[in-house]
Amino acid sequence: AQSVAQPEDQVNVAEGNPLTVKCTYSVSGNPYLFWYVQYPNRGLQFLLKYITGDNLVKGSYGFEAEFNKSQTSFHLKKPSALVSDSALYFCAVRDPMNYGQNFVFGPGTRLSVLP
Amino acid sequence: GAGVSQSPSNKVTEKGKDVELRCDPISGHTALYWYRQRLGQGLEFLIYFQGNSAPDKSGLPSDRFSAERTGESVSTLTIQRTQQEDSAVYLCASSLQLTRETQYFGPGTRLLVL
């Protein structure tokens, strides 16, 4: 069965510093991986996804993520954090070998960017 | 509309009453998902519709919860005899059929059971 872990409940970073939000996954084959962001009192917004190809994926708002197959990770990164990046971040995985399987979301990581 | 819409945006009900939540997916999206998000917590999968296939109901927490979808359009999530622990934000998402496709989320319905 597929699963997603986000080992950090909370990440604090100073504005202007690089940020990393960690995600590891478990699927039987090659995964489809997604990052979503949730701002207060709002639904989830899609940031980026990895399907195939280049391991470094660039997405919205200057975010990027690196797919690392050997470490089964898909960490979200941004070179220079903004206070407005403060939000709840969710990693999700889907196993393409199990058509019809729904997405599995991680528990979320709350990012706080301090001015 | 351009995105997933949900109604109502907020619902306050009394314990024991039934509630019905509505989701309008993006036109052309054959897959539709319902999730529950309790305050400060992650997403809890409830149910998944994919085209004309039988829905995946494996996430429904009890028989008080049910959902229907008319073809590839509107879906309703019904909670019967609501309990206080049902209080949460109920999120709907839709996507194209292919597994590589992104889910797009609606704004959610915030349910409060008194």
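1. Remarks on the overall build of chain A
Next up, step 1: Looking only at helices and strands, chain A has 0 helices and 12 strands in total.
Next up, step 2: Secondary structure elements of chain A, listed N to C terminal, follow the sequence β-β-β-β-β-β-β-β-β-β-β-β.
Next up, step 3: The C-alpha radius of gyration computed for chain A amounts to 14 Å, which stays within 12% of the reference 13 Å derived for 115 residues, consistent with globular compactness.
Next up, step 4: Dimensions of chain A, computed from C-alpha atoms along their principal axes, come out at roughly 45 × 30 × 20 Å.
Next up, step 5: Across chain A, the fraction of contacts at a sequence separation of at least 24, relative to all contacts at a separation of at least 6, is 57%.
Next up, step 6: Element-wise, carbon and sulfur atoms account for 49% of the exposed surface of chain A, whose accessible area totals about 5,300 Å².
Next up, step 7: For chain A, the distance from the average position of its 9 positive side-chain charges to the average position of its 8 negative side-chain charges is 5 Å.

2. A short note on the packing of aromatic side chains
Next up, step 1: Going through the model one piece at a time under the given rule, you end up with 12 aromatic pairs over all chains.
Next up, step 2: Taking the centre distance of 5.9 Å and the plane angle of 80 degrees together, the rings of Phe105(A) and Phe105(B) count as edge-to-face. Of the two residues, Phe105(A) sits in strand 11 (residues 104-105) while Phe105(B) sits in strand 9 (residues 104-105), which places them in two different chains.
Next up, step 3: Ring pairs connect the aromatic residues Tyr36(A), Phe46(A), Phe105(A), Tyr33(B), Tyr35(B), Phe45(B), Tyr48(B) and Phe105(B), which therefore count as one cluster.

3. Considerations on the interface of chain A and chain B
Next up, step 1: Taken together, the 22 residues of chain A in the interface contact 22 residues of chain B.
Next up, step 2: Across the chain A to chain B interface the summed buried area is about 1,900 Å²; carbon plus sulfur atoms make up 53%.
Next up, step 3: Applying the counting criterion to the chain A and chain B interface returns 0 salt bridges.
Next up, step 4: For the interface between chain A and chain B, the tally reads 5 residue pairs in polar contact (both at pLDDT 80 or more).
Next up, step 5: Every element with two or more residues in the side of chain A that touches chain B is listed here: strand 5 (32-38), strand 6 (44-50) and strand 10 (87-94) of chain A.
Next up, step 6: Looking at side-chain class alone, the side of chain A that touches chain B contains 13 nonpolar, 6 polar and 3 charged residues.

4. Some words on unusual backbone geometry
Residues and elements named next belong to chain B.
Next up, step 1: Residues serine 7 and proline 8 are joined by a peptide bond in cis, for which omega reads -10 degrees.
Next up, step 2: Tracing the sequence through the fold places proline 8 in the loop between strand 1 (5-7) and strand 2 (10-13).
Next up, step 3: Backbone geometry at arginine 81 places phi at a positive 50 degrees, although glycine is not the residue there.
Next up, step 4: On the secondary structure map, arginine 81 appears in the loop between strand 7 (75-79) and strand 8 (88-95).
Next up, step 5: Taking the relative accessible area as the measure of exposure, arginine 81 reaches 42% and is therefore partly exposed.

5. Examining the sheet that holds strand 1 of chain B
Whether parallel or antiparallel, the strands of a sheet pair through hydrogen bonds between backbone atoms.
Residues and elements named next belong to chain B.
Next up, step 1: Pairing is antiparallel across the open sheet formed by 4 strands, whose spatial order is 1-3-7-6. The sheet terminates laterally at strand 1 and strand 6 (65-69), the two strands that pair on one side only. Within the sheet, the average angular offset between the axes of one strand and its neighbour, ignoring direction, is 15 degrees.
Next up, step 2: Pairing geometry for strand 3 (residues 19-24) and strand 7, over 5 bridges, is antiparallel. Bridging from a neighbouring strand, valine 19 pairs with isoleucine 79 of strand 7.

6. Considering the pairing of strand 8 of chain B
Residues and elements named next belong to chain B.
Next up, step 1: With 8 of its 8 residues buried, strand 8 lies for the most part within the structure.
Next up, step 2: Burial of strand 8 is two-sided: the residues Ala88, Tyr90, Cys92 and Ser94 facing one way and the residues Val89, Leu91, Ala93 and Ser95 facing the other way are all buried.
Next up, step 3: Alignment of strand 8 against strand 9, held across 2 bridges, turns out to be antiparallel. Across the sheet, serine 94 pairs through a bridge with tyrosine 104, a residue of strand 9.

Calculation rules
- Residues numbered from 1 in each chain as written.
- Chains lettered and ligands numbered in written order.
- Predicted model: local features only at pLDDT ≥ 70, side-chain atom pairs only at ≥ 80, totals over all residues.
- Heavy atoms only, no water.
- Helix = DSSP H or I, 4+ residues; strand = E, 2+ residues; numbered from the N terminus.
- Rg over C-alpha atoms; globule rule 2.2 N^0.38 Å.
- Contact = heavy atoms within 4.5 Å.
- Areas by Shrake-Rupley, 256 points an atom, 1.4 Å probe, with all protein chains shown as cover.
- Lys, Arg positive; Asp, Glu negative; His and termini not counted.
- Charge placed at Lys NZ, Arg CZ, Asp CG, Glu CD.
- Phe/Tyr/Trp six-rings, centres within 6.5 Å; stacked < 30°, edge-to-face > 60°.
- Buried area = accessible area lost by both parts, 1.4 Å probe.
- Salt bridge = Lys/Arg side-chain N within 4 Å of Asp/Glu carboxyl O.
- Polar contact = N/O pair within 3.5 Å; in protein donor to acceptor, adjacent residues only side chain to side chain.
- Nonpolar A, V, L, I, M, F, W, Y, C, P; charged D, E, K, R; others polar.
- Buried < 20%, exposed > 50% of the residue type's maximum accessible area, 1.4 Å probe, protein only.
- Pairing = 2+ DSSP bridges.
- Axes fitted to C-alpha atoms, helices over the stretch in contact; angles between N-to-C directions.

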